[in-house]
Amino acid sequence: MVPLPLANLWHHKLRSSLTALGVAIGICMLVTLSGLSRGSVDEIADRWEAVDADLLVFPANASDNIAALSGGGLGEKDAQLVRQLAVAGHPAVEYVAPVYIHRGKIGSGANNIFGCAPQDLPRLTGGRRFLEGRVFDPDNNCECYLQHRIGQAGQGVLEISDEELAGNGGLEMVIDRRLARDARLKTGDKVHVLGRDFTVVGVMQEGGLARAFIPRATAQWLGELDRYTMFFVKLKDGVASQAALEALRPRRNLTGITIDQYRGMLMDMLGVMYIYTDTANAITLAVACLFILVSLYTMVIQRQREIAILKSMGARRRFILGGVLSESLIIAALGAAAGIGLSFPAAMGIEAFRPVLTVRITWGWIGVAAVSALAVGGLAAIYPAWKAMKIDVVEALTLE
Amino acid sequence: MNDNGNILLASGLHKSFGRGAGKVHVLRGLDLQVRRGEFLAVMGSSGCGKSTLLHVLGLMTAADEGSVAIDGREVTTLCESSRNEIRRRNIGFVFQRFNLIGVLSGYDNILLSLKVRGLADGRDVRGVLEAMGVWHVARRKPAQMSMGEQQRVAAARALAARPELLLADEPTGSLDSANAQALLELLVEQNRRQGQTIVMITHSESVAQAATRVVHMKDGRILDTHA
Ligand SMILES: Nc1ncnc2c1ncn2[C@@H]1O[C@H](COP(=O)(O)OP(=O)(O)OP(=O)(O)O)[C@@H](O)[C@H]1O
Ligand SMILES: [Mg+2]
């Protein structure tokens, strides 16, 4: 014979599927939203892994919010100093990549716009590929031109038009794929930011340190001449980071930390965000559980008459509970599986709709979702079943 | 077990429904003895409390007052799981409203009741359905059966387990005379051959004639006894 739980599920096909759908929606919501909140925060920290440097140097008086450092706290002298850093009498530094950072709105939100030398771009993006186009101002024309004009002007007033800048590759910009999608930009498009019209000349694979890069000379021209926001320092082979930091210590106006330390600090700061995201996830979990509870409870409540009939034949408690429980758990499991399955296309949908967001579906939350679906499914089944078993057969038969 | 030959002994049963002004006092100090192997018919006007009595005797509901002993064992004070065990081991019940499980076929309804009683092997489900003339609807669900067919499947469900005490609430109520006769013959046969005790409610004098004894119910009590 067809087991009673399966007969019930099959007989009420539409209701069973709707109930499973209810569970699936709850689970999908939980898995996707938890992946979204964590993923978007983690992605910021992960981009620092791409950087091909060992140390980060920034002004000692930098504010606590090092994640949003911009402007020109460092000078040319500082750059020279760091380049000549020595450990045990030997030059310690392979290269220094100085950057000037602006904040500006491109697409749906504010972005760090990194001004760097064209040859430093692969160092800041971990050598990520160009998907289209090329690096900005490949021959460093802009820097040469600006230096030339500044030299000419001497103490006088210096005016440089946008046409001049653009003509020397100064208004070229490289962005990553996510920002390209978010702002609907491709190579050749114009972006108005920092009061200028930049032209996108290249789109890179995402995962680099920043989403937007421009020539450093332009960034300084638009900000402060000869100034830098921070230095990325690559040490020579065999030089220990700690030894290099030790050598830097006498320079009281500079703070040096390793990139890993920086990531740690960033994570600590983002930890505040995790309090919000975890709270949001807990609320989503509660809502999802309530969803599952209501869906399954209404399903099992309609078994009360059947439970009464089974009781009239003297069916054992175990038999009755087992039947109702398996029915509920089958639906909870199917719904959870569907919900987990749905969360992957849902994640893709979110990332397609808002490309700067990251949805990272984790095994941890998949586990939480599956366990809650089954636990809540079990509870939702046992309560009405237990209630129906407690009362008279005749009384239970008149329920419904 | 000393039961003095009584498989069922009910005394001083009271049962009422509702409260306040709307209260209906259905059983009013009812006494009834059923001897082992007896085929008893209970008659009485509609609404006099016959079904209520059968529910109390079959442990489907509790009386407000009074006692019921089955096989000499007082059951009114037993815990629910013991009452459940008595329903499983000793009692077969045919509801006035059938109470078949809607999502199962006729065949599976009977098989399930046998499984619940641990009798699934070795019972001839087909034989019982054929004897009741409803083998042709065995694969159908109750909603696709006529009232009479449902009633016969419901009776088959109780008969298949061959319980020592069969309580049947108007089991011929929806049947034509030929089918009613077939059911009665089956009841008489189980009663005679296997010594099954039967308590059957009926409105029909002719159906009642199949029984070995007929009692009448009025004002919440059993009136008289014919041999
Ligand atoms: N759950 C209930 N709540 C309130 N009143 C009830 C309930 N069940 C039965 N009654 C009342 O109890 C009385 C007896 O009902 P019962 O079903 O026992 O009658 P019956 O003799 O079986 O009638 P019939 O021959 O029509 O089946 C009726 O007046 C009925 O309205
Ligand atoms: Mg009745």
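Residues numbered from 1 in each chain as written. Chains lettered and ligands numbered in written order. Predicted model: local features only at pLDDT ≥ 70, side-chain atom pairs only at ≥ 80, totals over all residues. Heavy atoms only, no water.

Q: Please give an account of the sheet that holds strand β4 (residues 65–70) of chain B that cites residues and values.
A: All names here are of chain B. Here we have four strands laid out as an open sheet, ordered β2-β1-β4-β5, and antiparallel in their pairing. For this open sheet the edge positions go to β2 (24–35) and β5 (73–74), each flanked by a neighbour on one side alone. Note that strand β1 (residues 6–17) and β2 share nine bridges and pair antiparallel. Looking across to β2, one finds that serine 16 is bridged to histidine 25. (Pairing = 2+ DSSP bridges. Helix = DSSP H or I, 4+ residues; strand = E, 2+ residues; numbered from the N terminus.)

Q: Please give an account of the coordination of the magnesium ion (ligand 2) that cites residues and values.
A: Six octahedrally arranged donors around a metal ideally form angles of 90 or 180 degrees; four tetrahedrally arranged donors ideally form angles of 109.5 degrees. Within the first shell, the magnesium ion (ligand 2) binds the protein through Ser51 of chain B (OG) and Gln96 of chain B (OE1), at distances of 1.9 to 2.2 Å. Of the two residues, serine 51 of chain B is situated in helix α1 (residues 50–57) and glutamine 96 of chain B in the loop between β6 (91–94) and α3 (106–116); the sequence distance between them amounts to 45 residues. (Donors = N, O, S within 2.8 Å, 3.2 Å for Na, K, Ca; no water.)

Q: Describe a nonpolar patch on the surface, with residues and values.
A: Residue and element names in this part refer to chain A. A surface patch of nonpolar side chains, amounting to about 650 Å² of accessible area, comprises Leu14, Leu18, Leu21, Ile25, Ile283, Val287 and Phe291. Mapped onto the nonpolar patch, the elements with two or more residues apiece are α2 (13–46) and α10 (259–301). It is α2 that contributes the most residues to the nonpolar patch, four residues altogether. Residue placement: isoleucine 25 occurs in helix α2. (Patch = residues over 30% accessible without salt bridge, like charges linked within 9 Å, V, L, I, M, F, W, Y side chains within 5 Å. Areas by Shrake-Rupley, 256 points an atom, 1.4 Å probe, with all protein chains shown as cover. Salt bridge = Lys/Arg side-chain N within 4 Å of Asp/Glu carboxyl O.)

Q: Give me the nonpolar core: which residues, what numbers.
A: All names here are of chain B. Formed by 57 residues in total, the largest nonpolar core has its most connected members in Leu8 and Leu13. In terms of residue count, the dominant contributor to this core is β2 (five residues). Sequence-distant contacts of leucine 8, defined by excluding residues within four places in its chain, comprise Leu32, Gln33, Val34, Leu57, Val68, Ala69, Ile70, Leu165, Leu167 and Val199. Counting 40 residues, the second largest nonpolar core, distinct from the first, contains Leu111, Ala156, Leu184 and Ala211. (Core = buried A, V, L, I, M, F, W, Y, C linked by side-chain atoms within 4.5 Å. Buried < 20%, exposed > 50% of the residue type's maximum accessible area, 1.4 Å probe, protein only. Contact = heavy atoms within 4.5 Å.)

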